[in-house]
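Structure at a glance
In case you want the letters, here they are:
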Amino acid sequence: MPAEVNTSVYKFNLQAGDTKYLGMGSVPGNILNQFSMDEHNGYFRIATTLQKLPIRTGEAELTNNLYILDQNMKQAGKIENIAPGEKIYSVRFMGDRGYMVTFKTVDPLFVLDLKDPNRPVILGELKIPGYSNYLHPYDENHIIGFGKEAIEVEEPHWSGEGTVKNAYYLGMKVALFDVSDVNNPQEKFKIEIGDRGTESELFSNHKALLFDQEKGILAFPVTVCDIDPATVSKDDYLAQKDPRLAYGQPVFQGAFVYNLSAEKGFTLKGMITHHPPGAVVNLQKAGRYDYNRDISRSLTIGDTIYTLSNSYLKANDLNTLKMQGGLEIRN
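Residues numbered from 1 in each chain as written. Predicted model: local features only at pLDDT ≥ 70, side-chain atom pairs only at ≥ 80, totals over all residues. Heavy atoms only, no water.

**Some words on the pairing of strand β19 (residues 297-301)**
Covered by surrounding structure in β19 are S298 and T300 only, the residues R297, L299 and I301 on the alternate face being uncovered. Looking at chain direction, β19 and strand β20 (residues 304-308) are connected through five bridges and run antiparallel. Residue pairing across strands places R297 opposite L308, the latter belonging to β20. What sits between the antiparallel neighbours β19 and β20 is a turn of two residues, in which G302 has the positive phi angle 60°. (Buried < 20%, exposed > 50% of the residue type's maximum accessible area, 1.4 Å probe, protein only. Helix = DSSP H or I, 4+ residues; strand = E, 2+ residues; numbered from the N terminus. Pairing = 2+ DSSP bridges.)

**What about the sheet that holds strand β4 (residues 43-52)?**
Pairing is antiparallel in the open sheet, where four strands are placed in the order β3-β4-β5-β6. The sheet is open, and its two borders are formed by β3 (37-40) and β6 (75-82), each paired with just one other strand. The average undirected angle you get between the axes of adjacent strands in this sheet is 20°. (Axes fitted to C-alpha atoms, helices over the stretch in contact; angles between N-to-C directions.)

**Overview of a nonpolar patch on the surface**
Residues Y10, F12, L14, Y21 and M24 make up a contiguous nonpolar surface patch of about 560 Å² in total accessible area. Looking at the nonpolar patch, the elements with two or more residues in it are β1 (6-15) and β2 (18-28). Among the elements that take part in the nonpolar patch, β1 stands out by supplying three residues, more than any other. Exposure remark for F12: the relative accessible area of 44% places this residue in the partly exposed category. (Patch = residues over 30% accessible without salt bridge, like charges linked within 9 Å, V, L, I, M, F, W, Y side chains within 5 Å. Areas by Shrake-Rupley, 256 points an atom, 1.4 Å probe, with all protein chains shown as cover. Salt bridge = Lys/Arg side-chain N within 4 Å of Asp/Glu carboxyl O.)

**Things to note about the sheet that holds strand β8 (residues 97-103)**
If you trace the four strands from one edge of the open sheet to the other, you get β7-β8-β9-β10, paired in antiparallel fashion. A single partner strand is all that each edge strand has here, and the edge strands are β7 (87-94) and β10 (121-128). Strand-to-strand, the axes of this sheet are offset by a mean angle of 20°, without reference to chain direction. Here seven bridges tie strand β9 (residues 107-113) to β10, and the two strands are oriented antiparallel to one another. Note that in β10 the partner of D113 across the bridge is V121.

**Considering the pattern of salt bridges**
Applying the stated rule across the entire model yields eleven salt bridges. Its salt-bridge partner being E192, residue K190 comes within 3.2 Å of it at the nearest N-O pair. Note on K190: relative accessible area 39%, which makes it partly exposed. Two residues, E328 and R293, come together in a salt bridge whose shortest N-O distance is 2.7 Å. Taken together, the positions of E328 in strand β22 (residues 323-328) and R293 in the loop between α2 (279-286) and β19 put the pair 35 residues apart, joining distant regions of the chain. Residue R293 is classed as buried on the basis of its relative accessible area, which comes to 17%. Through salt bridges with shared partners, a single ionic network connects E149, K190 and E192.

**Some remarks on unusual backbone geometry**
Residues other than glycine seldom take positive phi values, yet M73 does so here, at roughly 65°. Its location among the elements puts M73 in the loop between β5 (61-69) and β6. Relative accessible area serves as the criterion here: at 7%, M73 is assigned to the buried category. Its identity is not glycine, yet L321 carries a phi of approximately 65°, on the positive side. For L321, the position within the fold is in the loop between β21 (312-317) and β22.

**Quick notes on the environment of N33**
Mapped onto the secondary structure, N33 falls in the loop between β2 and β3. Residue N33 is classed as partly exposed on the basis of its relative accessible area of 27%. Sequence separation of N33 and V91 is 58 residues, and the distance between their C-alpha atoms is 8.7 Å. In terms of polar contacts, N33 uses its side chain to reach the backbone amide nitrogen of F35, at 3.0 Å. (Polar contact = N/O pair within 3.5 Å; in protein donor to acceptor, adjacent residues only side chain to side chain.)

Shown next as C-alpha cells:
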C-alpha cells in the first residue's frame, strides 16, 4: 500500500512588514484549487480528495473529506468519506455554509453546515447528470454552477468480466441551484451550450466570468462545438452507442451574455465575437485559425460591455449588444 498523501498548511502572521511563523496543520488528501480552502471566524476550512491504490485490485479508491482547523491549526471538526469512489470537482465556502460537487457518473451537490466548527454536518444532497467545476455565489440562497452535461454509457469492464458504467462529457452546462431548503437543494434553472467538445476558459479560470447581480448580467467566453451528423465516422465507437457522444466541430468563439434572475433564470441577450463572420468554421478547417481573436475577458462600465482578446478590444451597448467601437491591440 503506497504511503498516504497529506496536505500541509502553514500559518503566518504578516504585520508591518514582519513575517512570523505561527504553526502548521496537516490533513489527508490533496486539494483541487484555491476554492478548496477558506478562513472564517478564525477557523480554517479545507476540502480534500484522498486517493489510494490498493495492490489487490489496481483500481483507485477515492474518498472526499472536509476538515476544520482551529486557531492553533489543530483539527476541530471533520466530515470524512463523502461520496466514496468519486472525486471533488468544485468547492465553495460561503459563511456558515459550504458547497461541494463530486463526480464519477452523476453530479452530487452537497450542502454543508459549518456553523459549529467542531461538528460540521451534511445538510442535503442533490444528484443530477453532469458536473459543475466552478461554483459562484448568486445570493445567500442560490449558487451558480458552471460545468458540463454528461451521460452514462455501459461498457465491458477492463478485466473482461461483466460491465461498468462510465460517464462521458457533453456540452457546457450552466445551472442555478436553489439552496433555500438546505436539506433539499434543487436545480432551479439550467442551460446547455453546444455539443461534445465545447469548452470555456471559465472551467479553469474564474476570472473569465462577468457577473453583476444588480444589473442581472452574466457573461463568459465559450468555444462552441456542434455535431454535424454527416461528418460522424462509422468507426466512432462511442457515437454509434449514442449520437451525442460524437465530437462536434467549432462553429463559434466569443462571449455569451445572459440576463439572470432567481425568478426567471437565464435569458440569452446575445453573443459577442471578435472573429469575422464564418471565420471560426472556415479558418479552423483551413488550419489558419487566429486564437488571438478568442475572447477571454469581459467587463461593464456604465451601460457598455467590453470584451477583450489578445488582439482586440470591443465595446457593445449593454442593453442592445450593438457594437459601439473597437480597438486593435498590436503585440
